[in-house]
Structure formats: C-alpha cells, structure tokens
Amino acid sequence: MADLDREPLETEDDNSIEEEKRSYEPASFEKRAAAWMGVAYMLMLLGILWFALYFPGRDLPGVFPLFLVPVCTALLVVTVRRLKLGAAYGGVAGGAVALIVCAAGIAFGLLMGVPALIAAFAG
C-alpha cells in the first residue's frame, strides 16, 4: 500500500540520474581553433558566391592561394600554444619548423592571392 501513495515519477534513487549526466566539458583549444578556421573558410566561400552574384561573367583567377591562410594561421596558433605549454610535437625544434612552414604558407598565400583578388575587383 505504501507504493500506491508514492508519485509515479518518483524513483527510489534520485542520485542515479545525476550520476548518469556527464559534467560539462568545453572543447579543447585545437577544436576551437579548427572551428574558427571553418568560419573563415565559410566566409571566403560566401565572398566567392557574392562575387559571382554581383559581378556576373567575371572570374576570380589566381585567388586559390588565399585558401592556405586560414589553415596555416590555425596551425600557427595551435603550435605557439603547444610550444608555450611545452607539449609541441617534436619538441622545440619541431615546433620551430612548424612555425616557419606556417609563416611561409601565410606569406605565400597572401603574396600570390591578394594581387589576383585586387585585379579581379579592378576589372
């Protein structure tokens, strides 16, 4: 008869529900950097679509190197953070090589892509 007096949703062990729920764990720094890189790529694709809509018949030749910039920037930021924490792959030497390659990728992307982009908008 005691079971009939109890609410139907009431359980014997209320703590079991809290144990099943996982506590909030934010995304790692690398995942957040990758997400921002994805945002940059989506904005670039949106810019390409905008250009195709508002300047029909014109092309964007030579701007593909600009797509190196977001990935190299994200890798550069992650590598700097890992070097700061002392957890870089390959140690300090591997981190330095990664920084040099990322800086070269950013420079190459900007030096090759920006003049082509300016030329495309100039007509």
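Residues numbered from 1 in each chain as written. Predicted model: local features only at pLDDT ≥ 70, side-chain atom pairs only at ≥ 80, totals over all residues. Heavy atoms only, no water.

For the pair helix 3 (residues 29-54) and helix 4 (residues 68-85), the least separation of the axes is 9 Å and the interaxial angle reads 165°. The pairing of helix 3 with helix 4 is recorded here as roughly antiparallel in orientation. The handedness of the crossing between helix 3 and helix 4 comes out as right-handed. Every residue of helix 4 that contacts helix 3 at Phe29, Glu30, Ala33, Met37, Ala40, Tyr41 and Met44 is listed here: Pro70, Val71, Ala74, Val77, Val78, Arg81 and Arg82. (Axes fitted to C-alpha atoms, helices over the stretch in contact; angles between N-to-C directions. Helix = DSSP H or I, 4+ residues; strand = E, 2+ residues; numbered from the N terminus. Parallel < 35°, antiparallel > 145°, perpendicular 65-115°, else oblique. Left-handed = near helix turned anticlockwise from the far one by under 90°. Contact = heavy atoms within 4.5 Å.)

The next thing to look at is the packing of aromatic side chains. The full count for this structure, using the stated rule, is eight aromatic pairs. Ring geometry for phenylalanine 51 against phenylalanine 55: centres 5.1 Å apart, planes inclined by 40°, an arrangement best described as tilted. Given the relative accessible area of 24%, phenylalanine 55 is considered partly exposed. With a centroid separation of 5.2 Å and 85° between ring planes, the pair formed by phenylalanine 51 and phenylalanine 121 is classed as edge-to-face. Placement of the pair is phenylalanine 51 in helix 3 and phenylalanine 121 in helix 5 (residues 91-122), with a sequence separation of 70 residues. Taking the relative accessible area as the measure of exposure, phenylalanine 51 reaches 3% and is therefore buried. Overall, phenylalanine 121 belongs to the partly exposed group, its relative accessible area being 38%. (Phe/Tyr/Trp six-rings, centres within 6.5 Å; stacked < 30°, edge-to-face > 60°. Buried < 20%, exposed > 50% of the residue type's maximum accessible area, 1.4 Å probe, protein only.)

Inspection of the secondary structure puts arginine 82 in helix 4. At a separation of 3.1 Å, a polar atom in the side chain of arginine 82 contacts the side chain of tyrosine 89. Setting aside residues up to four positions removed in sequence, arginine 82 forms contacts with Glu30, Ala87, Ala88 and Tyr89. (Polar contact = N/O pair within 3.5 Å; in protein donor to acceptor, adjacent residues only side chain to side chain.)

Taken as a whole, the largest pocket encloses approximately 180 Å³ of empty space. Broken down by secondary-structure element, the contributors of at least two residues to the lining of the largest pocket are helix 3 and helix 5. Looking at the lining of the largest pocket, the element that brings in the most residues is helix 3, giving five residues. Residues of the lining of the largest pocket, tallied by class, amount to 10 nonpolar, one polar and no charged. (1 Å grid on protein atoms, 1.4 Å probe; cavity = no way out; pocket = protein on both sides within 12 Å on 5 of 7 lines; lining within 4 Å. Points joined across faces, edges and corners; volume = space filled by probe spheres on them. Nonpolar A, V, L, I, M, F, W, Y, C, P; charged D, E, K, R; others polar.)

What is shown is where atoms sit, not what they do.
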